[in-house]
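The chain contents come next:
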Amino acid sequence: MEPRSSGVAPGGVSVSAVLPAGGSGERLGGATPKQFCAVQGRPLVSYAVRAMERINWISDIIVVVSPENIETMKTIIEKYGHKRVTVVKGGITRHRSIFNGLKVFAEDEFSCHLLQKPEVVIIHDAVRPFVEEDIVSKVVMAAKEHGAAGAIRPLVSTVIASAADGCLDHSLERARYRASEMPQAFLFDIIYEAYQQCTDYDLDYGTECLHLALKYCKTNAKLVEGTADLWKVTYKRDLYAAESIIKDNLSQQVCVITNVKETLAHVGFLLPESLKSQIKVEAISISLSKNDSHLQNIISGQCYNFVCVNDKRCAIQETQELVDMLEKSNIPLLYPVVLILVHLDSSENNSFSIGMEDLTTIKKFARETKKKNILVYGLLIQHK
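Everything numeric here is computed off the predicted structure, so don't read it as measured data.

Draft legend 1. Up close: the nonpolar core. Grouped together as the largest cluster of nonpolar side chains are 40 residues, with contacts concentrated most on M73 and I122. Mapped by element, the contributors of at least two residues to this core are β1 (15-20), α1 (44-53), β4 (58-65), α2 (70-79), β5 (85-89), β6 (120-123), α4 (133-146) and β7 (148-154). A per-element tally of this core places α4 first, with six residues. Beyond its immediate chain neighbours, meaning those up to four positions away, I122 contacts V15, S16, A17, V18, M52, W57, I58, V136, V140, P183, Q184 and A185. Judged by nonpolar contacts, the second largest core, of 36 residues, contains I284, I316, F365 and V376.

Dropping the structure here:
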């Protein structure tokens, strides 16, 4: 077992998450269930797990999959270095799968050893990859106070009911209704009791966890307005939309760090000047070893692209300090970080000043950082 998180949740409660991932993906089409479809080379479920994993106050993450996909899920966990994750065998329906996920905190038979029961449990779909800590925190706080809480969004279309003859029976007033989204959160004892009491009909045909808490525990859930990115990947077109969002997130901003001699400073700043018309650019001139607070703030703002311009023969040590800063920030947990090393060579001779030994060192460094989801590239520019 991986060590439990030591982070402190909002309100000081202990929190774990259950991610149902046992769907067949019938509406998506194709042989691969949607949660295992690749988006930017990574299975969709991995993004949802990362979203929970990067929240350091979530102690355990339970991923519930169909029996035939247990080994697939375990391979994904190993390949992408997921931590604090337990894989559980799902049931034949959504509610039965969630119930199995909750049982690992209460019944020995569903886990090799019982996990510590949380005060609050989050339930979030494995095919909703774009969830931020802010909304998770809000539903957890609301669940602590009200017993249950869930994210909602305005209805986009009017809901109508048809009669037996296929004609319109009635429509609902759209302004009065909301779409139920994820994440949802519950006091563990409330949602577990609700699942223990619910009927086979509920388990086989129900889909709404908040309704179970209301029906069996008389708990009125607090509804929390969610953001537009909480949508669920359902159809094939949604995979393309997800990929577009990920690409967009990765290309919003670049930080150009210049650390060169004064005589080359003007060259170092040509790059950010040329980029400003295409992308938001943060340009700073520092030595990475100084641990500049401005750089720390840029990293905290979740910048995923860095260009380091230097005139040193091999600046691996300083670059390692940036990699360490990025690791501590946890931003590489969700998306890859791109780090481009630009070496300005002002030597008089025409041959490259970086030898084979230095190239080998850089390649080895790049291989190691790739394991941390940080992609390192090198560029040598001869300047006369």
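Draft legend 2. Looking closely at unusual backbone geometry. Of note, the bond from M182 into P183 is cis; its omega dihedral lies within 30 degrees of zero at 10°. Its place among the elements puts P183 in strand β10 (residues 178-187). Residues other than glycine seldom take positive phi values, yet K218 does so here, at roughly 55°. In this fold, K218 is placed in the loop between α7 (209-217) and β11 (222-225).

Draft legend 3. Quick look at the sheet that holds β1. Strand order in this open sheet of seven strands is β5-β4-β1-β6-β10-β7-β11, and the pairing throughout is mixed. With partners counted over all chains shown, the strands left at the sheet margins are β5 and β11, one partner each. Direction aside, neighbouring strands of the sheet carry axes that sit 25° apart on average. Packed onto the sheet, α1 meets β1, β4, β5 and β6 and runs at close to 160° relative to β4.

Draft legend 4. Layout of the packing of aromatic side chains. Per the stated rule, a full pass over the model turns up six aromatic pairs. For the pair F130 and W231, a centre-to-centre distance of 5.8 Å together with 50° between the ring planes defines the contact as tilted. One end of the pair, F130, is in the loop between β6 and α4; the other, W231, is in the loop between β11 and α8 (236-250), and 101 residues separate them in sequence. Residue class for W231 comes out partly exposed when judged on its relative accessible area of 22%. Between the aromatic rings of Y201 and Y205, the centroid separation amounts to 4.8 Å while the plane-to-plane angle is 40°, which identifies the pairing as tilted. With Y201 and Y205 both in helix α6 (residues 200-205), this residue pair falls four residues apart, about one helical turn. The burial state of Y201 is the same as that of Y205; both residues are exposed. Clustering of aromatic rings is evident, with ring pairs tying together F99, F105, F188, Y192 and Y195. Above the plane of the ring of Y47 lies R42, whose end atom (NZ or CZ) is 5.8 Å from the centre. Sitting over the face of the ring of F99, K103 holds its NZ or CZ atom 4.2 Å from the ring centroid.

Parameters at a glance
Residues numbered from 1 in each chain as written. Predicted model: local features only at pLDDT ≥ 70, side-chain atom pairs only at ≥ 80, totals over all residues. Heavy atoms only, no water. Core = buried A, V, L, I, M, F, W, Y, C linked by side-chain atoms within 4.5 Å. Buried < 20%, exposed > 50% of the residue type's maximum accessible area, 1.4 Å probe, protein only. Helix = DSSP H or I, 4+ residues; strand = E, 2+ residues; numbered from the N terminus. Contact = heavy atoms within 4.5 Å. Pairing = 2+ DSSP bridges. Axes fitted to C-alpha atoms, helices over the stretch in contact; angles between N-to-C directions. Phe/Tyr/Trp six-rings, centres within 6.5 Å; stacked < 30°, edge-to-face > 60°. Lys NZ or Arg CZ within 6 Å of the ring centre and 35° of its normal.

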